[in-house]
Amino acid sequence: MQKAERRLQAILKRAESSDIKQEIISELEIVKKLCNNRKTYKKRSCILIAILSILIYLLYPLKTDECLLEIPFEASKIFRQPEDCSICINVTRVDRVSRISQDDFDQMYAKTGRPVVVTDGTKGWEAVDLFDFEFFKELYTSVAGNQDDRSECQFFPYKTEFNSLTEVFNMSIERSRLEPGTKHWYIGWSNCNDDAGKVLRQFYREPYFLPKTSENMALNWIFMGGPGSGAHMHVDDVRYPSWQAQLKGRKTWYLAPPPECLYKCHRFEVTVEPGEIIVVDTNRWYHQTHILPGSISITIGSEFD
Ligand SMILES: *[C@@H]1O[C@H](CO)[C@@H](O)[C@H](O)[C@H]1NC(C)=O
Ligand SMILES: *[C@@H]1O[C@H](CO)[C@@H](O)[C@H](O)[C@H]1NC(C)=O
Ligand SMILES: O=C(O)CCC(=O)C(=O)O
């Protein structure tokens, strides 16, 4: 395995010194990071992909620039559908829209897979004012049953030392308030406590622009933490596209087309302001996030059909 790793490193070095764009090489980082990704492959599949990628590299030594791009993703294609690039061809920006009808949303964004920010997405939601660290802490310490014990509950510690939501809510008040001199933190989790879910849903609604046929997915994802942090570049392996409401703080999303579309499509950078909702098919668009200076960032989101 070590030998294989060295070989892979050598190939990457060689690629770096050739005229292949730095961007493409950085995409390969994704393969290496798969194991730590949120909502992506289960650990075992992830290790399998890594081994497969390395094996394919060894069996088919790099001959052309194209192989570098194609081969590692052949392995992941066992798990990921090949992309026809229709989600990104002709897309020149991430639109910002408001008062959009369900039909327009469906035609222009849901059906096409184009990312969009709906600026009035959370209008009337109490969650915007109500959801903060203390609210979640109280909620999760009061509901029966431990969220951490259930296998379907996912927790993303990112760069923190936390192993569970219980540990997160045990941090000092000062740190939770991002006071100077305290350690940075940014975490995410999927709510899988039914009682907590019922409480959460009292304070937000299914986004008004989602098509009527859209199923309300019961599972919510919450991301919370301070400026300077974020999620690294990755792609998800969930069933449907997602919406994510920015309740507090400001977050920049870096979106990249699937590797096989890199030459045909653009990358985008879009900042989501408080009260806005971003809609992205995170299974197809590679994405990375960064919390901008200012207040804590809190988002709630879900998949939609
Ligand atoms: C992209 O735009 C070109 C020129 O307007 C058009 O011919 C083509 O069908 C479009 N492709 C997609 C996937 O929308
Ligand atoms: C909570 O924090 C205290 C003080 O930092 C620590 O001693 C204790 O072990 C923590 N408990 C849990 C469950 O993490
Ligand atoms: O909101 C974030 O910071 C990360 C979101 C993300 O990675 C995802 O939804 O897959």
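Parameters and conventions
- Residues numbered from 1 in each chain as written.
- Chains lettered and ligands numbered in written order.
- Predicted model: local features only at pLDDT ≥ 70, side-chain atom pairs only at ≥ 80, totals over all residues.
- Heavy atoms only, no water.
- Helix = DSSP H or I, 4+ residues; strand = E, 2+ residues; numbered from the N terminus.
- Buried < 20%, exposed > 50% of the residue type's maximum accessible area, 1.4 Å probe, protein only.
- Areas by Shrake-Rupley, 256 points an atom, 1.4 Å probe, with all protein chains shown as cover.
- Pairing = 2+ DSSP bridges.
- Contact = heavy atoms within 4.5 Å.
- Axes fitted to C-alpha atoms, helices over the stretch in contact; angles between N-to-C directions.
- Phe/Tyr/Trp six-rings, centres within 6.5 Å; stacked < 30°, edge-to-face > 60°.
- Left-handed = near helix turned anticlockwise from the far one by under 90°.
- Nonpolar A, V, L, I, M, F, W, Y, C, P; charged D, E, K, R; others polar.
- Disulfide = S-S within 2.5 Å.
- Salt bridge = Lys/Arg side-chain N within 4 Å of Asp/Glu carboxyl O.

With an unreviewed UniProt entry as reference, the protein is termed Cupin-like domain, source organism Popillia japonica.

Draft legend 1. Looking closely at the overall build of the protein. Counting its secondary structure elements, the protein contains ten helices and eleven strands. Looking at the protein as a whole, 52% of its 305 residues are labelled buried. Accessible surface, the protein as shown: approximately 15500 Å² in total, 51% of it carbon and sulfur.

Draft legend 2. Main features of the sheet that holds strand S6 (residues 242-248). Taken in spatial order, the eight strands make up an open sheet running S1-S2-S9-S6-S11-S5-S4-S3, and their pairing is mixed. Pairing within the sheet leaves two strands with one partner each, and these edge strands are strand S1 (95-97) and strand S3 (155-156). Lying on the sheet, helix H7 (residues 133-142) is in contact with strand S4 (186-191), strand S5 (220-225) and strand S11 (297-303); it crosses S5 at an angle near 130 degrees.

Draft legend 3. Molecular detail of the packing of aromatic side chains. The final tally for this structure, using the stated rule, is 23 aromatic pairs. Ring geometry for Phe 133 versus Trp 185: centroids 5.7 Å apart, planes at 70 degrees, classification edge-to-face. Of this pair, Phe 133 sits in helix H7 while Trp 185 sits in the loop between helix H9 (173-176) and S4, placing them 52 residues apart in sequence. Aromatic pair Phe 135 and Phe 203: ring centres 5.9 Å apart, planes at 85 degrees, arrangement edge-to-face. Note that Phe 135 is positioned in helix H7 and Phe 203 in the loop between helix H10 (194-201) and S5, a separation of 68 residues in sequence. By relative accessible area, Phe 135 is classed as buried at 16%.

Draft legend 4. Expanded view of the sheet that holds strand S10 (residues 286-291). Spatial strand order, S8-S7-S10: three strands in an open sheet with antiparallel pairing. With partners counted over all chains shown, the strands left at the sheet margins are strand S8 (268-272) and S10, one partner each. Sheet twist, expressed as the mean angle between neighbouring strand axes with direction ignored, is 20 degrees.

Draft legend 5. Region of interest: the packing of H7 against H10. Look at H7 against H10: their axes get within 9 Å of each other, and the N-to-C directions meet at 145 degrees. In terms of crossing hand, the pair formed by H7 and H10 is right-handed. Contacts from Phe 135, Phe 136, Leu 139 and Tyr 140 of H7 reach H10 at Ala 196, Val 199 and Leu 200. Among the residues forming the contact of H7 with H10, the class breakdown is seven nonpolar, no polar and no charged.

Draft legend 6. Molecular detail of unusual backbone geometry. The residue Asn 90 is not glycine, and still its phi comes out positive at about 70 degrees. You will see that Arg 99, though not glycine, has its phi angle at about 45 degrees, which is positive. Within the secondary structure, Arg 99 is located in the loop between S1 and helix H5 (102-110).

Draft legend 7. Layout of the state of the cysteines. For the coordinates displayed, the defined rule picks out three disulfides. Put simply, Cys 85 and Cys 261 are joined by a disulfide, and their sulfur atoms are 2.1 Å apart. Measuring handedness by torsion sign, the sulfur bridge of Cys 85 and Cys 261 sits at about -90 degrees and is left-handed. Here Cys 85, found in the loop between helix H4 (65-76) and S1, pairs with Cys 261, found in the loop between strand S7 (251-256) and S8; they are 176 residues apart in sequence, far enough to count as distant. Here Cys 85 and Cys 261 have matching classes, each one buried.

Draft legend 8. Looking closely at the pairing of S6. Summarising burial for S6: seven of the seven residues are buried, a large majority. As defined by bridge partners, S6 adjoins strand S9 (residues 277-280) across four bridges and the pair is classed as antiparallel. Counterpart to Trp 243 in the pairing with S9 is Val 279. With six bridges connecting them, S6 and S11 associate as antiparallel partners. Across the sheet, the residue bridging to Ala 245 is Ile 300, located in S11.

Draft legend 9. Molecular detail of the pattern of salt bridges. Evaluation of the coordinates by the stated rule reveals nine salt bridges. Glu 161 is the salt-bridge partner of Arg 175, the closest N and O atoms lying 2.8 Å from each other. With a gap of 14 residues between them, Arg 175 in helix H9 and Glu 161 in the loop between S3 and helix H8 (165-168) connect regions that are remote in the sequence. Overall, the relative accessible area of 40% leaves Glu 161 in the partly exposed class. One salt bridge in this structure joins Arg 284 and Asp 281, with 3.7 Å as the shortest N-O distance. Note on Asp 281: relative accessible area 11%, which makes it buried. A single network of salt bridges, built from pairs that share partners, joins Glu 83, Asp 281 and Arg 284.

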